[in-house]
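Per-entry structural report
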Amino acid sequence: QVTLVESGGGLVQAGGSLRLSCKVSGRTDYVAAMAWFRQSLGKEREFVSGISDNGGYTDVAESVKGRFFVSRNNAKNEAYLEMDILKHEDKAVYYCAGRARDYTSQNEEDYTTWGEGAQVTVTS
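Residues numbered from 1 in each chain as written. Predicted model: local features only at pLDDT ≥ 70, side-chain atom pairs only at ≥ 80, totals over all residues. Heavy atoms only, no water.

**Some details on the packing of aromatic side chains**
On inspection of all chains with the given rule, the structure shows 5 aromatic pairs. Seen in terms of ring centroids, Phe37 and Tyr111 are 5.5 Å apart; in terms of plane orientation they differ by 75 degrees. Their pairing is edge-to-face. With Phe37 in strand S4 (residues 34-39) and Tyr111 in the loop between strand S9 (92-98) and strand S10 (113-114), this pair connects stretches of sequence that are 74 residues apart. Given a relative accessible area of 1%, Phe37 falls into the buried group. (Phe/Tyr/Trp six-rings, centres within 6.5 Å; stacked < 30°, edge-to-face > 60°. Helix = DSSP H or I, 4+ residues; strand = E, 2+ residues; numbered from the N terminus. Buried < 20%, exposed > 50% of the residue type's maximum accessible area, 1.4 Å probe, protein only.)

Structure representation (structure tokens):
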């Protein structure tokens, strides 16, 4: 069994920064590519950013391009999402997801393992 646990969520002022972490535990070999998704109130969950198994390839949604940056440390079995210049529309629950394949995907159905989510709230 493998588990993903997000941390680092919280309250931040508009224009500020926040860094989310995702810790992979248990059968870490079940998780190769990883991604971040988010869900705002009343909206469907959407892809934010993804990273390949070795970190050599990253993907990012247009809505956060240039502001959000994904990375990982395989020695620590962790992935990160650095969020800069946060906007009110970035307020959401952010989920970490993992899949056994090496390459990332924007499709949430391609991910087999999910964390519980971390709330990010952007204030004025």
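**Quick notes on the state of the cysteines**
Applying the stated rule across the entire model yields 1 disulfide. Each sulfur in the disulfide pair Cys22 and Cys96 lies 2.0 Å from the other. The chirality of the disulfide connecting Cys22 with Cys96 is left-handed, given an S-S dihedral of about -80 degrees. Here the residue Cys22 occupies a position in strand S3 (residues 18-26), and Cys96 occupies one in strand S9, the gap between them amounting to 74 residues. Side by side, Cys22 and Cys96 carry an identical accessibility label, which is buried. (Disulfide = S-S within 2.5 Å.)

**Points about the sheet that holds strand S8 (residues 78-83)**
Overall, antiparallel pairing links the 4 strands, which are arranged S1-S3-S8-S7 in an open sheet. Every interior strand has two partners, whereas the edge strands, strand S1 (2-7) and strand S7 (68-73), have only one. Each strand axis lies, on average, 15 degrees off the axis of its neighbour in the sheet, ignoring direction. Taken together, the 6 bridges between S1 and S3 define a ladder with antiparallel strand orientation. Opposite Ser7, over in S3, you have Ser21 as the bridge partner. (Pairing = 2+ DSSP bridges. Axes fitted to C-alpha atoms, helices over the stretch in contact; angles between N-to-C directions.)

**Some details on the pairing of strand S11 (residues 118-123)**
As paired elements, strand S2 (residues 10-13) and S11 share 4 bridges and run parallel to each other. Its bridge partner being in S11, Leu11 is matched across the sheet by Thr121. Taken together, the 3 bridges between S9 and S11 define a ladder with antiparallel strand orientation. Following the sheet pairing, Ala92 is matched in S11 by Val120.

**Let's talk about the environment of Val24**
Tracing the chain through its elements places Val24 in strand S3. The exposure class assigned to Val24 is buried, which follows from its relative accessible area of 5%. Among residues more than four places away in sequence, those in contact with Val24 are Val2, Thr3, Leu4, Val31, Met34 and Asn77. (Contact = heavy atoms within 4.5 Å.)

**Focus on the environment of Val60**
Note that Val60 resides in strand S6 (residues 58-60). Distance from Val60 to Thr121, taken between C-alpha atoms, is 20 Å for residues 61 residues apart in sequence. Ignoring anything within four residues of it in the chain, the contact list for Val60 reads Phe47, Val48, Ser49, Lys65 and Phe68.

**Some remarks on the pattern of salt bridges**
Between side chains of opposite charge, a pair can form as their charged atoms come close. One pass over the structure, following the stated rule, counts 7 salt bridges. Among the ionic pairs, Asp53 bridges to Arg72, the shortest N-O distance being 4.0 Å. Linking Asp53 in the loop between strand S5 (46-51) and S6 with Arg72 in strand S7, this pair joins segments that are 19 residues apart in sequence. Judged by its relative accessible area of 28%, Asp53 is partly exposed. Linking Asp90 and Arg67 is a salt bridge whose minimum nitrogen-to-oxygen distance equals 2.7 Å. A residue pair is termed long-range when its members are at least 10 positions apart, and Asp90 in the loop between S8 and S9 and Arg67 in the loop between S6 and S7 qualify at 23 residues. Overall, the relative accessible area of 7% leaves Arg67 in the buried class. Each member of the salt-bridge network shares a partner with another, and the members are Arg38, Glu46, Arg67 and Asp90. (Salt bridge = Lys/Arg side-chain N within 4 Å of Asp/Glu carboxyl O.)

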